[in-house]
Amino acid sequence: MYALFVPTPIGLVLACAGSRGIQRVELRLLEEGRARPNRVLLELARRIERYFAGKKETFSDLPLNYEGLEAHRVSLYEAVRRIPIGQTRSYAQMGHLLGLTPRAVGAALRANPFFLVVPAQRVIHADGRLGGFAGREGIKEWLLRFEGAWQG
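Not measured: the values here are computed from a predicted model.

Conventions and cut-offs
Residues numbered from 1 in each chain as written. Predicted model: local features only at pLDDT ≥ 70, side-chain atom pairs only at ≥ 80, totals over all residues. Heavy atoms only, no water. Core = buried A, V, L, I, M, F, W, Y, C linked by side-chain atoms within 4.5 Å. Buried < 20%, exposed > 50% of the residue type's maximum accessible area, 1.4 Å probe, protein only. Helix = DSSP H or I, 4+ residues; strand = E, 2+ residues; numbered from the N terminus. Domains from an automatic or database assignment. Contact = heavy atoms within 4.5 Å. Phe/Tyr/Trp six-rings, centres within 6.5 Å; stacked < 30°, edge-to-face > 60°. Pairing = 2+ DSSP bridges. Buried area = accessible area lost by both parts, 1.4 Å probe. Salt bridge = Lys/Arg side-chain N within 4 Å of Asp/Glu carboxyl O. Polar contact = N/O pair within 3.5 Å; in protein donor to acceptor, adjacent residues only side chain to side chain. Nonpolar A, V, L, I, M, F, W, Y, C, P; charged D, E, K, R; others polar. UniProt positions renumbered as here; feature names shortened; annotations may be inferred.

Student: Is there a simple way to explain the nonpolar core in this structure?
Tutor: The nonpolar side chains of a soluble globular protein tend to be buried with one another. Counting 42 residues, the largest nonpolar core has Leu44, Leu109, Phe115 and Leu143 as the members making the most contacts within it. Those elements giving two or more residues to this core turn out to be β1 (2–8), β2 (11–18), β3 (21–28), α1 (39–52), α2 (71–81), α3 (91–98), α4 (102–110) and α5 (137–147). For this core, the leading source of residues is α1, giving 7 residues. Structurally, this core is a two-domain feature, drawing no fewer than three residues from each of domain 1 (1–34) and domain 2 (61–145). Once residues within four sequence positions are removed from consideration, phenylalanine 115 is found in contact with Ile10, Val13, Val25, Glu26, Leu27, Phe133, Ile139 and Leu143.

Student: Would you mind showing me how to read the packing of aromatic side chains here?
Tutor: To describe a pair of aromatic rings, one takes the distance between the centres and the angle between the planes. Per the counting criterion, the structure on display carries 10 aromatic pairs. Residues tyrosine 51 and phenylalanine 52 carry aromatic rings whose centres are separated by 4.9 Å and whose planes lie at 90 degrees to one another, so their mutual orientation is edge-to-face. The buried category is assigned to tyrosine 51, whose relative accessible area is 2%. Relative accessible area serves as the criterion here: at 13%, phenylalanine 52 is assigned to the buried category. Taken together, Tyr51, Phe52, Phe59, Trp142 and Phe146 form an aromatic cluster joined through their ring pairs.

Student: Before we go on, may I ask you to explain the pairing of β1 in this structure?
Tutor: Every other side chain in a regular strand lies on the same face of the sheet, so the side chains alternate between the two faces. Of all 7 residues in β1, 5 are buried, a share of seventy percent or more. Where β1 lies against β2, 7 bridges are found, and the strand directions are antiparallel. Within the sheet, the bridge partner assigned to alanine 3 lies in β2 and is cysteine 16. Counting the residues between successive antiparallel strands, the hairpin from β1 to β2 contains 2 residues.

Student: I would appreciate a short explanation of α2 in the present structure.
Tutor: An α-helical turn contains 3.6 residues, so any two residues separated by three or four positions project in the same direction. Within α2, the full set of buried residues consists of Arg73, Leu76, Tyr77, Ala79, Val80 and Arg81. Structurally, α2 contributes buried residues whose contacts are with α3, α4 and β5 (123–124).

Student: For this particular structure, what's the right way to read the pairing of β2?
Tutor: With 7 of its 8 residues buried, β2 lies for the most part within the structure. Connecting the antiparallel pair β2 and β3 is a turn made up of 2 residues.

Student: Please clarify how the domain arrangement of the protein should be interpreted in this entry.
Tutor: Partitioning the protein into structural domains gives domain 1 (1–34) and domain 2 (61–145). Distance between the C-alpha centres of domain 1 and domain 2: 19 Å. Contacts between the two partners involve 11 residues from domain 1, matched on the other side by 13 residues from domain 2. Here domain 1 and domain 2 share an interface that buries about 1100 Å² over both sides, 66% of which is from carbon and sulfur atoms. Between arginine 20 and glutamate 67 there is a salt bridge; the shortest N-O distance is 2.7 Å. For the pair domain 1 and domain 2, the interface holds 6 residue pairs in polar contact (both at pLDDT 80 or more). Counting residues per element, the side of domain 1 that touches domain 2 draws most heavily on β3, at 7 residues. Residue composition of the side of domain 1 that touches domain 2, by class: 6 nonpolar, 2 polar and 3 charged.

Student: Just to check I follow, could you spell out the UniProt feature "domain: Methylguanine DNA methyltransferase ribonuclease-like" (unreviewed entry) in the protein for this structure?
Tutor: Feature annotation in UniProt assigns "domain: Methylguanine DNA methyltransferase ribonuclease-like" (unreviewed entry) to the following positions: residues 5–65. Annotated as 23% helix and 33% strand, the span residues 5–65 places its first and last C-alpha atoms 19 Å apart.

Student: How should I be thinking about the pattern of salt bridges in this particular structure?
Tutor: Opposite charge on two side chains permits them to pair, given that their charged atoms come into close proximity. Applying the stated criterion across every chain yields a total of 14 salt bridges. A salt bridge links arginine 46 to glutamate 43; the nearest nitrogen and oxygen atoms lie 2.7 Å apart. Here arginine 46 pairs with glutamate 43, and both are found in helix α1, just 3 residues apart, close to one helical turn. The exposure class assigned to glutamate 43 is partly exposed, which follows from its relative accessible area of 24%. With its nearest N and O atoms 2.9 Å apart, the salt bridge here joins glutamate 147 to arginine 122.

Take a look at the structure:
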């Protein structure tokens, strides 16, 4: 397995990949373990740096390893990857699109193993409330403000 730590304005991001693509991207408090990047992780790091430099970078064409995930989660993650920067969708909209309940959408996004790459921050409640972000609602709000999608 390959790993790379990427410093960002909101904390350290750990990205891991295997031969089939990115396996997980998560926000970390500490740098634990050692970096061993591969080509896809170096590309991800370059794009994360561009994203936080305000370059409207997307990650939608980077390969993700969905091995072991249910088909509905894969479909949801791919749909969320297509939400443009600066826009949001509701849990209900995403559920309607994919034949899921809003609660199922929320649960799948709460378990999202691909921080930033699958931009779960762009999915909010229909009434404009942000909703959860795996206990990091302040980061969700920060990201949406940064992307120009939240005035709060």
